[in-house]
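Observations on the model geometry
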Number of protein chains: 2
Amino acid sequence: MISSCSLTSELLLSFYGKGAKECPSPNERIKLVFSKSKQFDLIELEQLLQSVGWSRRPLRRVRRALDNSLLKVGLWRHDEKFPRLVGFARCTGDGVLEATVWDVAVHPVYQGYGLGKELMVYVMDSLSTMNIERVTLFADPGVISFYKRQGWELEPNGRRCSFWYAN
Amino acid sequence: MISSCSLTSELLLSFYGKGAKECPSPNERIKLVFSKSKQFDLIELEQLLQSVGWSRRPLRRVRRALDNSLLKVGLWRHDEKFPRLVGFARCTGDGVLEATVWDVAVHPVYQGYGLGKELMVYVMDSLSTMNIERVTLFADPGVISFYKRQGWELEPNGRRCSFWYAN
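Fair warning: this is a prediction, and the values are worked out from it, not measured in the lab.

How each quantity is defined
Residues numbered from 1 in each chain as written. Chains lettered and ligands numbered in written order. Predicted model: local features only at pLDDT ≥ 70, side-chain atom pairs only at ≥ 80, totals over all residues. Heavy atoms only, no water. pLDDT = per-residue confidence, 0-100. Helix = DSSP H or I, 4+ residues; strand = E, 2+ residues; numbered from the N terminus. Phe/Tyr/Trp six-rings, centres within 6.5 Å; stacked < 30°, edge-to-face > 60°. Buried < 20%, exposed > 50% of the residue type's maximum accessible area, 1.4 Å probe, protein only. Arc of directions from axis to C-beta. Contact = heavy atoms within 4.5 Å.

A closer look at the confidence of the model for chain A
Residues and elements named next belong to chain A. Averaged over all residues, the pLDDT of chain A equals 87, while 88% of them reach at least 70. No element of chain A has a lower mean pLDDT than strand β8 (residues 161-166), which averages 56, and none a higher one than strand β3 (residues 71-77), which averages 98. Across the assembled chains, the prediction reports ipTM 0.73 with pTM 0.82.

Structure follows, in structure tokens:
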């Protein structure tokens, strides 16, 4: 992370909406921005999720799932004409007692610079302003240490066990 | 489960709303009904949740959490004047790809008759009509066999690990 933040608040607000925040970038020529209100191009989002190995889903269903999500965060490579989506995460939940984080992804080209951690910090800060009691997530075994380093408790730890039911 | 169903569809609809369904009862004098639209008295709901050992929460926050839930199911002991809430479950989620079941409770007086299983069947049927891809839940260690018997997969099973983050 060599670059400090350099985009003006006016630019952040006009391009990326309320609550947008610049993300430290590994390259000073690349400006990265978190947004919770900038609209996604669903095809670009699907390409991002597929680049990290997730299965393809019908766009109509993805659109409905996003509409019904509590929080959607995009990590954008800033460009005044063609900002590109390079990271994503979303949460479902009741907005009060429970929230669950899903679909955390950073494009492979941008991995290895700590952007995933910054993305989770932005997500947790956003949930924190909503005053949510408890946040849960499911993660692939390969990223356990990633979450543990950030203070997440791996289950089962004797208190609770988690279950899947895949139709 | 000795009684067969005996309430008319008109009565179910008028008292308990669309999608209401009679639940097999351990006692023929007690009629039990599942509903996803009958309004809860929040104090009665809190009493039910406390009767199974959960901590008290501010009613204002509970109300908001219910408003933002994907599905709320009540199990009612039918009475034309004073139906009583004897079971509860709710789900959060995006209504398309993910749903998570929370707060499954059957009042201690009504436990041991298979009502919890019937409640989960009603919840899963309701989610199934929404065509949701995957359902998750967190459960106390004491009820692991309860969920396993119903086809739930306990995590971690090598594919996914679950995490908590309690503030």
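Topic: the packing of aromatic side chains
Considering all chains together, one arrives at ten aromatic pairs over all chains under this definition. Ring centres 4.8 Å apart and planes at 75 degrees place the aromatic pair F146 of chain A and Y147 of chain A in the edge-to-face group. As far as the burial class goes, F146 of chain A and Y147 of chain A line up, both buried. Judged by centre distance (5.2 Å) and plane angle (80 degrees), the rings of F40 of chain B and F88 of chain B are edge-to-face. Highlighted residues: F40 of chain B in the loop between β2 (32-35) and α2 (42-51) and F88 of chain B in strand β4 (residues 84-93), separated in sequence by 48 residues. Looking at F40 of chain B, the relative accessible area reads 16%, which means it is buried.

Observations concerning helix α1 (residues 9-16) of chain B
Because the α-helix completes a turn every 3.6 residues, residues three or four places apart line up on one side. Residues and elements named next belong to chain B. Three or more residues of α1 are buried, namely L11, L12 and Y16. Mapping the buried residues of α1 onto a view down its axis gives an arc of 100 degrees, with all of them on the same face. Of the exposed residues in α1, those oriented more than 90 degrees away from the buried face are S9, E10, L13 and S14. Against the buried residues of α1 lie β1 (21-23), β2 and β3 (71-77). One or two steps after α1, the chain reaches G17, where phi turns positive at roughly 85 degrees.

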